[in-house]
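Geometric and topological summary
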Amino acid sequence: MKQSKSQFFSKTSDDFASISMPQSTPKRVSKKVKQLKRTPLDCDALWGWQTEDVASAVDWNTLQKAFDALVAPSLWADKLKYQKLVQALPLRASGSKTPLFDLLGRTAVKKPEEMSESPHFAVSSAIALQESPGKGRGWFATKTIEAGTLVLVERPLVALLDVEWRDEPWADCSSADTAALGMELAKSFSRSLASLLEQFHPKEPTSISSADSEDEDIEALTAMEDAVASSWKQIDLSESAKRRLQDVVRLNSLGFYTNSEQLCHHCNFLPLTGSGVFALASGFNHSCEPSVQRFSIGDLTAFVTNQKLEAGTELHITYIESEMLRAPKSLRSQSLNRDFTCSCPPCGLDDPPELKTGRRTFMRVDAPVQAKLSLLPPEERVETIAAALQGQMDDEEDAEEEPPEVDEEDAGEATKGAEKSEKNTVLLGKDAQELRVAQAMALMQLGRWEEALQTWRQLAAFACHHCPPYDEALAVFATQAALCALEMKADASQYVKSAIESHRMAFGFDCFRWRYQREVEESSVSAGVKESFLSHGRFVDLDPLELG
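Residues numbered from 1 in each chain as written. Predicted model: local features only at pLDDT ≥ 70, side-chain atom pairs only at ≥ 80, totals over all residues. Heavy atoms only, no water.

In this section: helix 8 (residues 239-252). With 14 residues, helix 8 should cover 20 Å at 1.5 Å per step; its first-to-last C-alpha distance of 20 Å lies within 8% of that length. Those residues of helix 8 that sit buried are K242, R244, L245, D247, V248, V249, L251 and N252. Residues of helix 8 that are buried in the fold lie against helix 5 (176-188), helix 6 (191-197), helix 7 (218-232), strand 8 (254-256) and strand 9 (274-277). (Helix = DSSP H or I, 4+ residues; strand = E, 2+ residues; numbered from the N terminus. Expected span 1.5 Å × (residues − 1). Buried < 20%, exposed > 50% of the residue type's maximum accessible area, 1.4 Å probe, protein only. Contact = heavy atoms within 4.5 Å.)

Moving on, we come to the sheet that holds strand 8. An order of 7-9-8 is seen for the three strands of this open sheet, with the pairing classed as antiparallel. Each of the sheet's edge strands pairs with one partner strand only, and the pair in question is strand 7 (158-161) and strand 8. When strand polarity is set aside, the average angle formed by the axes of neighbouring strands in this sheet is 25 degrees. Alignment of strand 8 against strand 9, held across three bridges, turns out to be antiparallel. Bridged to F256 within strand 9 is G274. Sheet strands in contact with helix 5 are strand 7 and strand 9, and its direction is about 130 degrees off that of strand 7. (Pairing = 2+ DSSP bridges. Axes fitted to C-alpha atoms, helices over the stretch in contact; angles between N-to-C directions.)

Before going further, it helps to examine the packing of aromatic side chains. According to the stated counting rule, one finds 14 aromatic pairs in the structure shown. Pairing W60 with F509 gives two aromatic rings, centres 3.8 Å apart and planes at 10 degrees, and the pair type is stacked. Of this pair, W60 sits in helix 2 (residues 60-71) while F509 sits in the loop between helix 16 (493-507) and helix 17 (512-521), and the two are 449 residues apart along the sequence. Here the two residues W60 and F509 agree in accessibility, since each one is buried. The ring of F200 is capped by R137, whose NZ or CZ atom sits 5.0 Å from the centre of that ring. The ring of F507 carries R515 above its face, with NZ or CZ at 4.0 Å from the centroid. (Phe/Tyr/Trp six-rings, centres within 6.5 Å; stacked < 30°, edge-to-face > 60°. Lys NZ or Arg CZ within 6 Å of the ring centre and 35° of its normal.)

A separate point is empty space enclosed by the protein. In the structure shown here, the tally under the stated rule is two cavities of 30 Å³ or more. Approximately 60 Å³ is the volume found for the largest cavity. Around the largest cavity, the lining residues are L251, N252, S253, L254, A281, S282, F284, I317, Y319 and R338. A breakdown of the residues in the lining of the largest cavity according to their chemical character gives six nonpolar, three polar and one charged. If you trace the second largest cavity, you find it lined by W60, L63, V153, F295, I297, L300 and A302. Listing elements by their share of the lining of the second largest cavity, those giving two or more residues are helix 2, strand 11 (292-297) and strand 12 (300-305). Looking at side-chain class alone, the lining of the second largest cavity contains seven nonpolar, no polar and no charged residues. (1 Å grid on protein atoms, 1.4 Å probe; cavity = no way out; pocket = protein on both sides within 12 Å on 5 of 7 lines; lining within 4 Å. Points joined across faces, edges and corners; volume = space filled by probe spheres on them. Nonpolar A, V, L, I, M, F, W, Y, C, P; charged D, E, K, R; others polar.)

Pairing is mixed in the open sheet, where six strands are placed in the order 2-1-3-6-12-11. This sheet does not close on itself; its edge strands, each paired only once, are strand 2 (96-99) and strand 11. Strand-to-strand twist across the sheet, computed as the mean angle between neighbouring axes with direction ignored, equals 25 degrees. Together, strand 6 (150-154), strand 11 and strand 12 form the strand contacts of helix 2, whose direction differs from that of strand 11 by roughly 50 degrees. Most of the contacts of helix 16 go to strand 12, to which it runs at about 110 degrees, and overall it touches strand 6, strand 11 and strand 12.

Our next topic: the packing of helix 15 (residues 473-487) against helix 18 (residues 527-536). It is at 10 Å that the axes of helix 15 and helix 18 come closest, and there the two elements cross at 125 degrees. Judged by the angle between their axes, helix 15 and helix 18 are oblique. Note that helix 15 runs across helix 18; the crossing there is right-handed. Only V529, S532 and F533 of helix 18 make contact with helix 15, whose side of the interface consists of T479, A482, L483, L486 and E487. Residues belonging to the contact of helix 15 with helix 18 are distributed by class as follows: five nonpolar, two polar and one charged. (Parallel < 35°, antiparallel > 145°, perpendicular 65-115°, else oblique. Left-handed = near helix turned anticlockwise from the far one by under 90°.)

On to the packing of helix 15 against helix 16, then. Closest axis-to-axis distance for the helix 15/helix 16 pair is 8 Å, and the angle between their directions is 160 degrees. Judged by the inter-axis angle, helix 15 sits roughly antiparallel to helix 16. In this structure, the crossing between helix 15 and helix 16 has a hand that is left-handed. On helix 16, the residues touching L474, A475, A478, T479, A481, A482 and A485 of helix 15 are Y495, V496, S498, A499, S502 and H503. Residue composition of the contact of helix 15 with helix 16, grouped by class: nine nonpolar, four polar and no charged.

Let us look at the state of the cysteines. Per the stated rule, a full pass over the model turns up zero disulfides. No disulfide involves C267; its sulfur sits 8.4 Å from that of C264, the nearest cysteine. (Disulfide = S-S within 2.5 Å.)

As a further point, take unusual backbone geometry. In the segment running from H201 into P202, the intervening peptide bond is cis, with an omega of 0 degrees. Looking at the secondary structure, you find P202 in the loop between helix 6 and helix 7. Positive phi, normally seen in glycine, also occurs at K79, with a value near 60 degrees. Position of K79 among the secondary structure elements: in the loop between helix 2 and helix 3 (82-88).

This part covers the side chain of S291. Summarising the element assignment, S291 is placed in the loop between strand 10 (285-286) and strand 11. Not counting the four nearest positions on each side in its chain, S291 is found in contact with V304, T305, N306, Q307, L309, E314, L315 and H316.

Another point: the pairing of strand 9. Here strand 9 shows two buried faces, one formed by G274 and G276 and the other by S275 and V277. Of the strand pairs in this sheet, strand 7 and strand 9 are connected by four bridges, and their pairing is antiparallel. Directly across from V158, in strand 9, lies its bridge partner V277.

Here helix 13 (residues 429-445) spans 24 Å end to end across 17 residues, near enough to the 24 Å set by a 1.5 Å rise per residue. With 14 of 17 residues buried, helix 13 lies mostly within the body of the structure. Positive backbone phi, approximately 75 degrees, marks G447, located one or two places after helix 13.

Distances and angles like these do not, on their own, reveal function.
Next up, the structure:
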């Protein structure tokens with residue numbers, strides 16, 4: 001029985017829309033607060049390597065072998081803890097041994113022989129922390145840096161895997177991740193950590209409109225607040241200082257996600273997702289036109305330039321998803337949710353008039369929506385997504401209406417602000433991309449290779465035109481396009497070349513075949529096509545490849 005589109009998408013005015021899902025049974029909230037075992041962090045003992053070429057200095061072979069060994073057992077993710085992850089993934093590199101406090105402009109108090117056994121970071125000598133007008137600290141280029149340059153690999157000071165707090169009774173609260181990380185900071189608190197965090201923003205406790213909704217479980221919110229308060233109870237600090245440190249976590253934490261751009265991420269690497277507070281990476285300020293992007297292998301997080309930077313230029317990352325960077329300014333600000341107003345060039349422009357007047361309906365394609373779409377037979381999934389891309393969210397749409405023709409270079413052009421239907425339904429570029437990915441995968445399941453290929457090309461066109469340079473998703477789209485071309489017995493060399501080149505620029509070193517072997521193995525193409533692709537995927541030269 002065919003389900004109506006309204007069973008997948010609901011509408012809400014002037015805000016994100018979300019799928020209507022059955023209410024889950026609330027978790028029973030225990031009144032007893034767990035007592036945390038404290039393990040103070042000695043920041044004076046932290047050190048790393050400073051080097052001219054980070055990509056060459058890091059021992060990637062050892063890291064890759066260690067990662068493969070970690071995820072090889074069938075139940076590797078069962079009861080995985082952050083400390084096990086740290087022990088399993090060593091950061092080995094070479095260069096000039098530098099205490100963390102020296103790099104931060106502070107005086108190291110420990111002798112080299114008193115430092116920790118393992119390095120905490122590898123950082124380029126071509127960048128330096130300096131004062132950034134109106135922003136506090138910032139990373140600046142001290143000489144010309146080319147695009148695709150790895151400038152930092154760092155392990156967080158304090159971190160936690162998401163799986164470690166998912167069973168808490170307050171796990172469904174919208175601020176659960178930062179609350180859990182704040183409790184971990186309390187567990188790791190030491191005087192040297194307090195000294196290091198003195199330089200972090202904010203200098204005083206701040207208040208931001210809470211992301212917690214009035215619809216959230218008050219009992220769960222109360223339990224979370226009690227747990228946070230209990231974790232800081234034994235720390236000898238004023239209440240104001242404790243609030244400030246919790247704000248430091250909220251405003252400086254970064255998530256780490258292994259192979260997050262890949263289609264196989266959720267089923268293979270999701271348990272490695274977490275968040276942390278980084279000593280050096282916290283110095284990257286935000287821009288809606290970022291010059292640096294990041295990726296992670298476990299908790300080890302690397303930062304790579306996506307454009308050429310001259311000496312004196314500040315390096316920026318984005319604090320929001322790259323697909324949101326061309327959304328209306330009001331929604332970028334909502335997604336940012338920080339205690340500052342972004343002053344980058346795009347934020348100096350007003351939203352288009354059509355997005356500033358009238359009542360708007362935003363359609364959101366979140367994880368529950370994608371999960372329900374995945375349950376549909378492929379043919380019906382393709383039809384449902386085609387209708388959704390036209391903004392058809394209710395039962396009154398014309399079932400025979402054909403989807404609009406989309407030029408590859410202009411695919412998603414309306415999503416600079418958003419895609420709109422005649423009913424004033426707005427589909428943001430990020431959500432349109434999510435739908436097209438699901439559509440392309442369904443087409444591949446049906447063996448409709450040419451249509452799938454064109455959809456992957458549309459996805460790549462949007463990423464090229466509306467995401468930062470060398471967006472990590474380009475390697476995914478080019479890889480899948482190559483697989484479709486091979487199934488069609490067509491020339492796939494241009495797609496393979498694009499996949500390898502974009503991956504090399506996005507990740508700063510040659511690791512395409514290692515990172516993408518599982519992505520290819522779990523694709524819907526035939527075994528012969530997979531073997532053909534992988535037999536050539538190890539090459540890193542960019543000469544045309546003869547495949548198929």
